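Tertiary structure, described
Single-letter residue listing:
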Amino acid sequence: MTMQGIASSSWTSTSANGRATLPLLAGSAISNKHKLSGQQRRWKSPNAQMNVETVSSPKEWTAVVEQGRDKLEICRVINGMWQTSGGWGKIERNGAVEAMLKYADNGFTTFDMADHYGPAEDLYGIFINKVRRERPPEMLESIKGLTKWVPPPGKMTGAYVRDNIDISRKRMDVKSLDMLQFHWWDYTNSEYLDALKFLTDLREEGKIKTLALTNFDTRRLQIILENGIPIVSNQVQHSVVDMRPQKKMAELCQLSGVKLITYGTVMGGLLSEKFLDANISIPFAGPPLNTPSLQKYKRMVDAWGGWSLFQELLQTLKSVALKHAVSISAVAVRYILDQILWT
């Protein structure tokens, strides 16, 4: 996932070490680029009884989302937790939490989740408590947890909104949510404005630090801003294949100061060497499209222009990757990070 120049990593639920779908590979490439300029420090883990080296992220790693007096500094490469929602295999809790710790130890300290991503918020709660116990205070300060609330469209009351936000706060074991990203899929029902006003009240009470959106279109974003709701960001799909945010959404964001956190930057792993020259039309001839994200973004490829055209794109990205000694995924993420709209 990326945010106005922020890319989101994804990790699989079946891996004990946080094996990534391709955004993490891209994130690692960006990370390695800056490690020599970061200040390194060692600390002693009381539980693991081992020395661990962490790297302070340079400013190039972070970006600030802000609106009025609301401000939040987050990583430009974010760890996405959609893979905990099911469809990727059984989730091994301890392995998932250890993977989160490894990402944080290497400077990837921002995590994106949702109320409906299976146990994602619960895993974050376990993770943040381990950070509190086993990591230095400065690392704890750098950890950010971004979650989403996706209620069924209907009557919104203050009590209903409050109760649902309290559930996320309890699951994540935090007094205040770093960012609450709100989604609404039925624009014929204008109750989303009431929900956002109640969320703004909770922000005033300190239960939410920053208020954001996910997958809102340009027209509704403008309406929300015109109603005086302090939105810091909108999370949308954006990649070298899906350029829709570059149109009207980008213009409104530039005018209003709203940032874009983008997901699908490496299309679930399709933008990688693994699918270069792959023949997926014959069963078992190529890599399987065996995850919800691969299947989703394959449909995007079909709508965009088909597999043959996509292979031409991969060849072009590979030529750039070879020139810079990085992966196709790194090039795909770097492209989004370098958009002038995202800086």
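First things first, this report covers the structure right here in the doc. (Residues numbered from 1 in each chain as written. Predicted model: local features only at pLDDT ≥ 70, side-chain atom pairs only at ≥ 80, totals over all residues. Heavy atoms only, no water.)

A word on helix 9 (residues 292-304). A turn of α-helix holds 3.6 residues, and therefore any two residues three or four places apart point the same way. Look at helix 9: 18 Å from first C-alpha to last across 13 residues, which is about the 18 Å you get at 1.5 Å a residue. Buried within helix 9 we find Ser-293, Leu-294, Tyr-297, Lys-298 and Val-301. Down the axis of helix 9, the sector holding all buried residues measures 130°, keeping them to one side. Turned more than 90 degrees away from the buried face of helix 9, the exposed residues are Arg-299 and Ala-303. In the core, the buried residues of helix 9 are packed alongside strand 13 (231-237), strand 14 (259-263) and helix 10 (307-324). At the C-terminal side of helix 9, Gly-306 shows a positive phi close to 100°. (Helix = DSSP H or I, 4+ residues; strand = E, 2+ residues; numbered from the N terminus. Expected span 1.5 Å × (residues − 1). Buried < 20%, exposed > 50% of the residue type's maximum accessible area, 1.4 Å probe, protein only. Arc of directions from axis to C-beta. Contact = heavy atoms within 4.5 Å.)

For helix 5 (residues 158-172), with 15 residues, the first-to-last C-alpha span of 21 Å sits near the 21 Å given by 1.5 Å per residue. Buried residues of helix 5: Val-161, Asn-164, Ile-165, Ser-168, Arg-169, Arg-171 and Met-172, and no others. Along its buried surface, helix 5 packs onto helix 3 (120-134), strand 10 (144-149), strand 11 (177-182), helix 6 (191-204) and strand 12 (208-214). Immediately downstream of helix 5, the backbone of Asp-173 shows phi near 55°, a positive value.

Quick look at the nonpolar core now. Within the largest apolar cluster, 51 residues are counted, with the highest numbers of intra-cluster contacts made by Tyr-124, Phe-127, Phe-182, Leu-196 and Leu-199. Excluding its chain neighbours within four sequence positions, the residues that come into contact with Leu-196 are Phe-182, Leu-211, Leu-213, Ile-224, Ile-229 and Ile-231. Counting 24 residues, the second-largest nonpolar core is a separate cluster that includes Leu-276, Ala-278, Tyr-297 and Leu-337. (Core = buried A, V, L, I, M, F, W, Y, C linked by side-chain atoms within 4.5 Å.)

Of all six residues that make up strand 11, six are buried, and the element is covered over most of its length. Viewed along the sheet, the connection from strand 10 through helix 5 into strand 11 turns out right-handed. Strand direction decides the pairing type here: strand 11 and strand 12, joined by five bridges, are parallel. Within strand 12, the position partnered with Met-179 by the bridge is Thr-210. Note on the crossover from strand 11 through helix 6 to strand 12: the handedness is right-handed. (Right-handed = clockwise from strand over helix to strand, strands pointing away. Pairing = 2+ DSSP bridges.)

Next up on the list: the pattern of salt bridges. Pairing of side chains with opposite charge becomes possible as their charged atoms draw close. Within this structure, the stated rule accounts for 23 salt bridges. Across the salt bridge formed by Asp-70 and Arg-69, the nearest N and O atoms sit 3.8 Å from each other. Residue classification places Asp-70 among the buried residues on the basis of a relative accessible area of 3%. Across the pair Asp-122 and Arg-171 runs a salt bridge whose closest N-O atoms are separated by 2.8 Å. With a gap of 49 residues between them, Asp-122 in helix 3 and Arg-171 in helix 5 connect regions that are remote in the sequence. For Asp-122, a relative accessible area of 32% puts it in the partly exposed group. When salt bridges that share partners are traced, they join Glu-98, Asp-105, Lys-130, Glu-134 and Arg-135 into one network. (Salt bridge = Lys/Arg side-chain N within 4 Å of Asp/Glu carboxyl O.)

Moving on: the side chain of Ser-176. Within the fold, Ser-176 resides in the loop between helix 5 and strand 11. Among the polar contacts listed, one links the side chain of Ser-176 to the backbone oxygen of Gly-206, at a separation of 2.9 Å. Among residues more than four places away in sequence, those in contact with Ser-176 are Gly-206, Lys-207, Ile-208 and Lys-209. (Polar contact = N/O pair within 3.5 Å; in protein donor to acceptor, adjacent residues only side chain to side chain.)

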